[in-house]
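Take a look at the letters that make up each chain.
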Number of protein chains: 4
Amino acid sequence: MNTFGRIFRISIFGESHGEALGVVIDGCPPGIALSVDDFLPDLARRKSGARGTTPRREADLPEIVSGVFEGHTTGAPLTVLFRNENTRSGDYRNLVDHPRPGHADWVADQKFGGFQDYRGGGHFSGRITLGLVAAGVVAKKMVSGVNIRAEILSVGDCTDPAHFQDVVEEVLRTGDSVGGVVECVAEKLPVGWGEPFFDSVESLISHAVFAIPAIKAIEFGAGFAVARMKGSQNNDPIADASGRTLTNHAGGVNGGITNGNPLIFRVAVKPTASISRPQPTWNTASGQVEELTIKGRHDACIALRVPVIVEAVTAIVLADLSMIHK
Amino acid sequence: MNTFGRIFRISIFGESHGEALGVVIDGCPPGIALSVDDFLPDLARRKSGARGTTPRREADLPEIVSGVFEGHTTGAPLTVLFRNENTRSGDYRNLVDHPRPGHADWVADQKFGGFQDYRGGGHFSGRITLGLVAAGVVAKKMVSGVNIRAEILSVGDCTDPAHFQDVVEEVLRTGDSVGGVVECVAEKLPVGWGEPFFDSVESLISHAVFAIPAIKAIEFGAGFAVARMKGSQNNDPIADASGRTLTNHAGGVNGGITNGNPLIFRVAVKPTASISRPQPTWNTASGQVEELTIKGRHDACIALRVPVIVEAVTAIVLADLSMIHK
Amino acid sequence: MNTFGRIFRISIFGESHGEALGVVIDGCPPGIALSVDDFLPDLARRKSGARGTTPRREADLPEIVSGVFEGHTTGAPLTVLFRNENTRSGDYRNLVDHPRPGHADWVADQKFGGFQDYRGGGHFSGRITLGLVAAGVVAKKMVSGVNIRAEILSVGDCTDPAHFQDVVEEVLRTGDSVGGVVECVAEKLPVGWGEPFFDSVESLISHAVFAIPAIKAIEFGAGFAVARMKGSQNNDPIADASGRTLTNHAGGVNGGITNGNPLIFRVAVKPTASISRPQPTWNTASGQVEELTIKGRHDACIALRVPVIVEAVTAIVLADLSMIHK
Amino acid sequence: MNTFGRIFRISIFGESHGEALGVVIDGCPPGIALSVDDFLPDLARRKSGARGTTPRREADLPEIVSGVFEGHTTGAPLTVLFRNENTRSGDYRNLVDHPRPGHADWVADQKFGGFQDYRGGGHFSGRITLGLVAAGVVAKKMVSGVNIRAEILSVGDCTDPAHFQDVVEEVLRTGDSVGGVVECVAEKLPVGWGEPFFDSVESLISHAVFAIPAIKAIEFGAGFAVARMKGSQNNDPIADASGRTLTNHAGGVNGGITNGNPLIFRVAVKPTASISRPQPTWNTASGQVEELTIKGRHDACIALRVPVIVEAVTAIVLADLSMIHK
């Protein structure tokens, strides 16, 4: 389903080339100052204009359709709408019979029996994350005491931000794409958010993070490195009455619950599946493998646009936990 | 909360040293042959008796309290109960003031205001996973066409199963513990289970997997390696009308939906937090850091017992998806 | 919260005088033929133009914003939007300090701390039921084999439809309003929908029905009359292998589950709270009881517009049950 | 499903003649004093020993299996178990082919394909309400400031409590049963619990109330009488700054939200379906209508045992709303 959260609950909708897309945010407390302008900075970070991001240009102007009155949230469902304008549906007509490798084209056709909106990935499009970013803006206001920040750790093999653009230029030149790693840190979290087992912070964060298209892995704190560690190395000694630990291999979570140290996790973003180089794939019309060349406007490194989305889903989870904790 | 699933829904309860623990399974279809004996093999795999696993001995005999009549499930909630018998509560008395590093002792005390059952980790104990394994047995019967199998890939730095026991002996000798990696593969999955966004297979599997204590990371298919790959390398070419792909970097999932290829993921298990070597930690009574030596019975490598639990939560997710897919 | 349903799940949003209102429908299967025209008949029934219904005129034109492609549902969330156009916000300014008796003005102000959109009842407005009716149109298509029909049984003391309009004229003349009873019948229901206890048909129908503003009572089958009956009178004898019963005091439900006989229930609709006669009420500004005369455009008998809304929520519940039943 | 509530969430399980039945209560705050003795008064009210209630005698001793430590709730799931002891399964063998009129026997057989536990109604039994009463005891402690009380208003045609027993004696003498009306009042409720639309107090209370077997109708405040009233009669004038109203036709709820006046509702309880008089019913074995005489131990007036169950579900809803309101 397209709904997430227990008290602060969001529902996303829309397709890449449909009329509009957006989000309904339920459970938002009344009295939060909110205007269209508040959405613009994070939306701009998602849009990006850097080389390597899609040349498709959308205004991405949010319309607040409900839930705000005289500049404040009312406590009723808050709906934010984005109109699709710059859609070139013609680009995608030829993909019906040629499912793109690494895309959901083929499974969508199988699952929805041919009724899916196949234009630009339809409801599978990364464009739907606009609604996540919008909800994230509201969520960040709800947990304004928490400092949430995600950034790119690596692009391909490169871990030096000064050279990320070089890597992107290189894959652009070859008609290819490249993956990356994004790290998110949330500081100044209260102690005690989350629950053991199914509502552990890791369960909820990972649930939300894997809702972002192209994410294939997540690790908290020391992550996969813990598998090679001894307990005497991995255990974080508690240093004082505030619960501060000398190390933070746990990534800020014990037993599923925030321990007051920074929440830290990293996610792996796969290279954009759409590449302009020819690729072999099954042709459902001809019944054989044929070469497919994807036209259209695409990102060479989708990871560049992911940090603000990761921040958004993190804020969404934390906003919900903050309300449950009360 | 302690409930998971939409149609096939499980609720776990219990504490390490309480009267009993178990699981209520709602949404289980009628007519599945089920007896106490069906639970024993997986429970035995979880219990383990190998060196490096806890010397605490529990019969772990499941009692089917409701939902089964004349050898078959009835369609009503199915409850499986495990009595705690071999509890040595005295072992844990001294830990109230000495929160164990790497454990939930401190956050539990903060969150539950001192009312938590602190004996043996209480409701945070790995012992509660008995309920997960029991539910997994039922879930496996519901998706009996799917072949689910998890196994240990590495213990510490060692990737050779023939030498896993050596690594464990070494950490036992030094009063330490060690982590590991577990891989799970589900074969013969139908195409089309899961949804884009919040009910993606990755979202649901990771949600359930992080409910298992000690898991700190998960990756699907090529996982973190995708971050270093080009799109032309990572994309899985579709080879025939069945959706079979030549590679499986996606781990069997596109757009959150099973594509008919094997679902593959790996998880990192941290080293057991309880070690017999002295560790520094905050003493809440004295108000200073003091050395803590943990007595009691513990696993040296909890990863050894994790595979059957990972299988269980995987089966639980797939059983739910199978019912939603209908 | 503003969401209802487990698999077929609807989320309503909007305010009486805001930008727009509508509904997001998740879990709708792909392949259902759907166009704007399909919504018009039920929307027209809700709007009504009869004497005694509000003179406020709204086009109530639905805009399908997502989830439909080439004339069919896609399986992605279906969003239907209604713009508010004919809003006279000025009418409501003076009601901030004068909570209207029988309305939610006072509780809304207490609950939402003054941030609620007070214009025309805001999110409490009966206008929000447009989203319910829209979702009902889709739901009716999903359970097209079931024949759902609601109608007015009585207006005030009058049970003769030929004279309903006379009763309405009379209350209009006196600046008053009047209540009514609506009966809903769903025929050709399959056997076996619903569950014992919390997902009983009665639980789900009543949950949804009481979401309609102004409903204060519901009874199934013989309803309150069962309290005065003997078991030998009330029991419905089963007459043949189809489960047909000779009487239908149960209203088509046994143990929370449809028994194949018509589902029958009646609801009581209170008289419109807004009346043009002066009423005493607490004035929060002056701190004393004062006379309030409500201006604006109102229904004299809201019950006249309720049948199509009752049908809608019934269809919504049945559509969800039909999907769970599979 | 067998789960109810958003934060304070209960899951019931068990069958009339199975091993045990009970309830898991999740979301219960830590620190509430709770012992087995606390359950006994309400369990005794449910059991009743009056003439007209079933002669089946069960100890109904609750066993607290989890969630309580040193006399207080821990914040972990609280499980209460009741063993079935005095079961005479033989009584029900002959009912497999003779579905009892007014019971769920026939629909259960259709829905669960013959796998249902048919003994004593199995999971449809009123005996499962033991779990509701137990959860109600905990819920009452959570909303201890609210005064919840349900009582019988009428038995059959009789509204004089002094003569209720006479009515029961009469139906017992004739091998019949009789219905009744139960009224519940909750006083000293805070203002602001509940939400407009789907989480209205009426929606949640009615959802929970119809989970009680044998309830066929509910009305809030003036209830069905509002349908015959004018707005000028029905509107409750607000009398002072506390929100107190001069009348309470609304039953304490406006716009789905508590208004600080007493919450009042009435429910209709049908006559017990099991009567000892012969009844015609379809015989699935012979394929024709035959007379059925039900043996066994039954209530003549189930309404006598309903008040404490209605109180319990009311407390369960209010406890959940109290936590959401925070």
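First, a word on scope: everything that follows refers to the structure included in this document. (Residues numbered from 1 in each chain as written. Chains lettered and ligands numbered in written order. Predicted model: local features only at pLDDT ≥ 70, side-chain atom pairs only at ≥ 80, totals over all residues. Heavy atoms only, no water.)

### Comments concerning the pairing of strand E9 (residues 180–187) of chain A
All names here are of chain A.
Then comes step 1: Taken across its eight residues, E9 has seven buried, putting it largely inside the fold.
Then comes step 2: Across seven bridges, the pairing between E9 and strand E13 (residues 263–269) is antiparallel. Directly across from Val-185, in E13, lies its bridge partner Ile-264. (Buried < 20%, exposed > 50% of the residue type's maximum accessible area, 1.4 Å probe, protein only. Helix = DSSP H or I, 4+ residues; strand = E, 2+ residues; numbered from the N terminus. Pairing = 2+ DSSP bridges.)

### With respect to the pattern of salt bridges
Then comes step 1: Here the structure, examined in full by the defined rule, presents 80 salt bridges over all chains.
Then comes step 2: A salt bridge links Lys140(C) to Asp42(C); the nearest nitrogen and oxygen atoms lie 2.7 Å apart. Of this pair, Lys140(C) sits in helix H3 (residues 129–142) while Asp42(C) sits in helix H1 (residues 36–47), and the two are 98 residues apart along the sequence.
Then comes step 3: A salt bridge links Glu195(C) to Lys111(D); the nearest nitrogen and oxygen atoms lie 3.4 Å apart. Residue Glu195(C) is found in the loop between strand E9 (180–187) and helix H5 (201–209), and its partner Lys111(D) is found in helix H2 (residues 105–112); the two belong to separate chains.
Then comes step 4: Here Lys111(D) falls in the buried class, since its relative accessible area comes to 17%.
Then comes step 5: Overlapping salt bridges bring together Asp42(A), Arg45(A), Lys140(A) and Glu311(A) as one network. (Salt bridge = Lys/Arg side-chain N within 4 Å of Asp/Glu carboxyl O.)

### Comments concerning the relation of the copies chain B and chain A
There are two copies of the chain, and a rotation about an axis plus a shift along that axis relates them.
Then comes step 1: Mapping chain B onto chain A calls for a screw motion: a turn of 180° about the axis and a shift of 0.0 Å along it, with 0.0 Å RMSD after fitting. Classification of the inter-copy transformation places it as that of a two-fold axis.
Then comes step 2: Interface overlap between copies: 100% of the residues of chain B at the interface are likewise at the interface in chain A, consistent with a symmetric, same-surface contact. (Least-squares fit on C-alpha atoms with pLDDT ≥ 70 in both. Contact = heavy atoms within 4.5 Å.)

### Some details on the packing of helix H5 (residues 201–209) of chain A against helix H7 (residues 307–325) of chain A
Residues and elements named next belong to chain A.
Then comes step 1: Interhelical geometry of H5 versus H7 gives an angle of 140° and a closest axis separation of 9 Å. In terms of axis orientation, H5 runs oblique to H7. By crossing handedness, the relation of H5 to H7 is classed as right-handed. On H7, the residues that touch Val-201, Leu-204, Ile-205, Ala-208 and Val-209 of H5 are Val-313, Thr-314, Val-317 and Leu-321.
Then comes step 2: Split by residue class, the contact of H5 with H7 holds eight nonpolar, one polar and no charged. (Axes fitted to C-alpha atoms, helices over the stretch in contact; angles between N-to-C directions. Parallel < 35°, antiparallel > 145°, perpendicular 65-115°, else oblique. Left-handed = near helix turned anticlockwise from the far one by under 90°. Nonpolar A, V, L, I, M, F, W, Y, C, P; charged D, E, K, R; others polar.)

### Structural notes on the interface of chain B and chain A
Then comes step 1: Taken together, the contacts link 97 residues of chain B with 97 residues of chain A.
Then comes step 2: Here chain B packs against chain A, burying approximately 7,400 Å² in sum over the two surfaces, 66% of which is carbon and sulfur.
Then comes step 3: The largest per-residue losses of area from chain B upon contact with chain A belong to Phe197(B), Phe198(B) and Lys216(B), which jointly make up 13% of the total buried on that side.
Then comes step 4: Counting across the interface, chain B meets chain A through four salt bridges.
Then comes step 5: Between Lys216(B) and Glu202(A) there is a salt bridge, with its nearest N and O atoms 3.1 Å apart.
Then comes step 6: Where chain B touches chain A, the interface holds 43 residue pairs in polar contact (both at pLDDT 80 or more).
Then comes step 7: For the side of chain B that touches chain A, the per-class residue count stands at 48 nonpolar, 33 polar and 16 charged.
Then comes step 8: Relative to strand E10 (residues 215–220) of chain B, strand E10 (residues 215–220) of chain A runs antiparallel, the two sharing three bridges. Looking at the pairing, Ile218(A) lines up with Ile218(B) of E10(B). (Buried area = accessible area lost by both parts, 1.4 Å probe. Polar contact = N/O pair within 3.5 Å; in protein donor to acceptor, adjacent residues only side chain to side chain.)

### Observations concerning the side chain of Thr272(D)
Then comes step 1: If you trace the backbone, Thr272(D) turns up in the loop between strand E13 (263–269) and strand E14 (279–283).
Then comes step 2: Assessed through its relative accessible area of 12%, Thr272(D) is described here as buried.
Then comes step 3: Once residues within four sequence positions are removed from consideration, Thr272(D) is found in contact with Gly231(C), Ser177(D), Val178(D), Asp299(D), Ala300(D), Cys301(D) and Ile302(D).

### Digging into helix H3 (residues 129–142) of chain D
All names here are of chain D.
Then comes step 1: With 14 residues, H3 should cover 20 Å at 1.5 Å per step; its first-to-last C-alpha distance of 20 Å lies within 8% of that length.
Then comes step 2: Most of H3 is tucked away: 12 of the 14 residues are buried.
Then comes step 3: Along H3, the positions that sit buried rather than exposed are Thr-129, Leu-130, Gly-131, Leu-132, Val-133, Ala-134, Ala-135, Gly-136, Val-137, Val-138, Ala-139 and Met-142. (Expected span 1.5 Å × (residues − 1).)

### Quick word on the packing of aromatic side chains
Then comes step 1: Overall, the coordinates contain 22 aromatic pairs over all chains when judged by the stated rule.
Then comes step 2: Relative to Phe224(B), the ring of Phe224(A) lies with its centre 6.0 Å away and its plane at 85°, an arrangement referred to as edge-to-face. Of the two residues, Phe224(A) is situated in the loop between E10 and helix H6 (231–234) and Phe224(B) in the loop between E10 and helix H6 (231–234); the pairing between them involves two chains. You'll find Phe224(A) and Phe224(B) in the same group, each marked buried.
Then comes step 3: Each ring, one from Phe210(C) and one from Phe220(D), has its centre 5.2 Å from the other, and the planes form 85°; the classification is edge-to-face. Taken together, the residues span two chains, with Phe210(C) in the loop between H5 and strand E10 (215–220) and Phe220(D) in strand E10 (residues 215–220).
Then comes step 4: According to the relative accessible area criterion, Phe210(C) is buried, its value standing at 4%.
Then comes step 5: Given a relative accessible area of 0%, Phe220(D) falls into the buried group.
Then comes step 6: Chaining the aromatic ring pairs together yields one cluster made of Phe210(A), Phe220(B) and Phe265(B). (Phe/Tyr/Trp six-rings, centres within 6.5 Å; stacked < 30°, edge-to-face > 60°.)

### With respect to the interface of chain D and chain C
Then comes step 1: Contacts between the two partners involve 97 residues from chain D and, on the opposite side, 97 residues from chain C.
Then comes step 2: For chain D, the biggest contributors to the area lost against chain C are Phe197(D), Phe198(D) and Lys216(D); these three give 13% of the whole.
Then comes step 3: Inspection of the region where chain D meets chain C yields four salt bridges.
Then comes step 4: The residue inventory of the side of chain D that touches chain C, partitioned by class, reads 48 nonpolar, 33 polar and 16 charged.

### A word on the packing of H5(A) against helix H5 (residues 201–209) of chain B
Then comes step 1: The contact between H5(A) and H5(B) brings their axes to 8 Å, and the two run at 175°. Here H5(A) is positioned roughly antiparallel relative to H5(B), judged by the angle of their axes. Here Ser203(A), Leu204(A), Ser206(A) and His207(A) of H5(A) lie close against H5(B), whose contacting residues are Ser203(B), Leu204(B), Ser206(B) and His207(B).
Then comes step 2: By residue class, the composition of the contact of H5(A) with H5(B) is two nonpolar, six polar and no charged.

### What to know about unusual backbone geometry
Note: most residues except glycine have negative phi, and most peptide bonds are trans.
Then comes step 1: The phi dihedral of Ala214(A) falls on the positive side, at around 85°, and the residue is not glycine.
Then comes step 2: For Phe197(C), which is not glycine, the phi dihedral falls at a positive 65°.
Then comes step 3: Secondary-structure assignment places Phe197(C) in the loop between E9 and H5.
Then comes step 4: In this structure Phe197(C) comes out as buried when scored by relative accessible area, which is 4%.

### Concerning the sheet that holds strand E8 (residues 147–155) of chain D
Then comes step 1: Taken together, eight strands build an open sheet; the order of strands is E8(C)-E9(C)-E13(C)-E10(C)-E10(D)-E13(D)-E9(D)-E8(D) and the sheet is antiparallel. On the outer flanks of this sheet lie strand E8 (147–155) of chain C together with E8 of chain D, each paired with one strand and no other. Strand-to-strand, the axes of this sheet are offset by a mean angle of 20°, without reference to chain direction.
Then comes step 2: Alignment of E8(C) against E9(C), held across eight bridges, turns out to be antiparallel.

### Concerning the side chain of Glu311(C)
Residue and element names in this part refer to chain C.
Then comes step 1: With respect to the helices and strands, the residue Glu-311 is situated in helix H7 (residues 307–325).
Then comes step 2: Using a relative accessible area of 1% as the deciding quantity, one classes Glu-311 as buried.
Then comes step 3: Aside from chain neighbours lying at most four places away, what touches Glu-311 is Arg-45, Lys-140, Ile-148, Arg-149 and Ala-150.

### Section: the relation of the copies chain D and chain C
Then comes step 1: The transform that puts chain D on chain C rotates by 180° and translates by 0.0 Å along the axis, for an RMSD of 0.0 Å.
Then comes step 2: Both copies share a contact surface, since 100% of the interface residues of chain D are interface residues in chain C too.

### Details of the nonpolar core
Then comes step 1: Counting 313 residues, the largest nonpolar core has Phe8(A), Phe8(B), Phe8(C) and Phe8(D) as its most contacted members.
Then comes step 2: Excluding its chain neighbours within four sequence positions, the residues that come into contact with Phe8(A) are Ile25(A), Asp26(A), Gly27(A), Cys28(A), Ala135(A), Val138(A), Ala139(A), Met142(A), Ile316(A), Ala319(A), Asp320(A) and Met323(A). (Core = buried A, V, L, I, M, F, W, Y, C linked by side-chain atoms within 4.5 Å.)

### Re the environment of Glu219(B)
Then comes step 1: Structurally, Glu219(B) can be placed in strand E10.
Then comes step 2: For Glu219(B), a relative accessible area of 12% puts it in the buried group.
Then comes step 3: Here the alpha-carbon distance between Glu219(B) and Arg266(B), two residues 47 residues apart in the chain, equals 5.4 Å.
Then comes step 4: Excluding residues within four positions of it along the chain, Glu219(B) makes contact with Lys216(A), Ala217(A), Phe224(A), Phe224(B), Ile264(B), Phe265(B) and Arg266(B).

### Quick word on the sheet that holds strand E4 (residues 63–66) of chain A
Whether parallel or antiparallel, the strands of a sheet pair through hydrogen bonds between backbone atoms.
All names here are of chain A.
Then comes step 1: Sheet architecture is open: five strands sit in the order E1-E2-E3-E7-E4, paired in antiparallel fashion. Sheet topology places strand E1 (3–4) and E4 at the edges, where each strand pairs with a single neighbour.
Then comes step 2: The pairing of strand E3 (residues 20–26) with strand E7 (residues 78–83) spans six bridges and is classified as antiparallel. Bridge assignment links Val-23 to a residue of E7, and that residue is Val-80.
Then comes step 3: Along the sheet face, helix H3 (residues 129–142) touches strand E2 (9–14), E3 and E7 and points at about 35° away from the line of E3.

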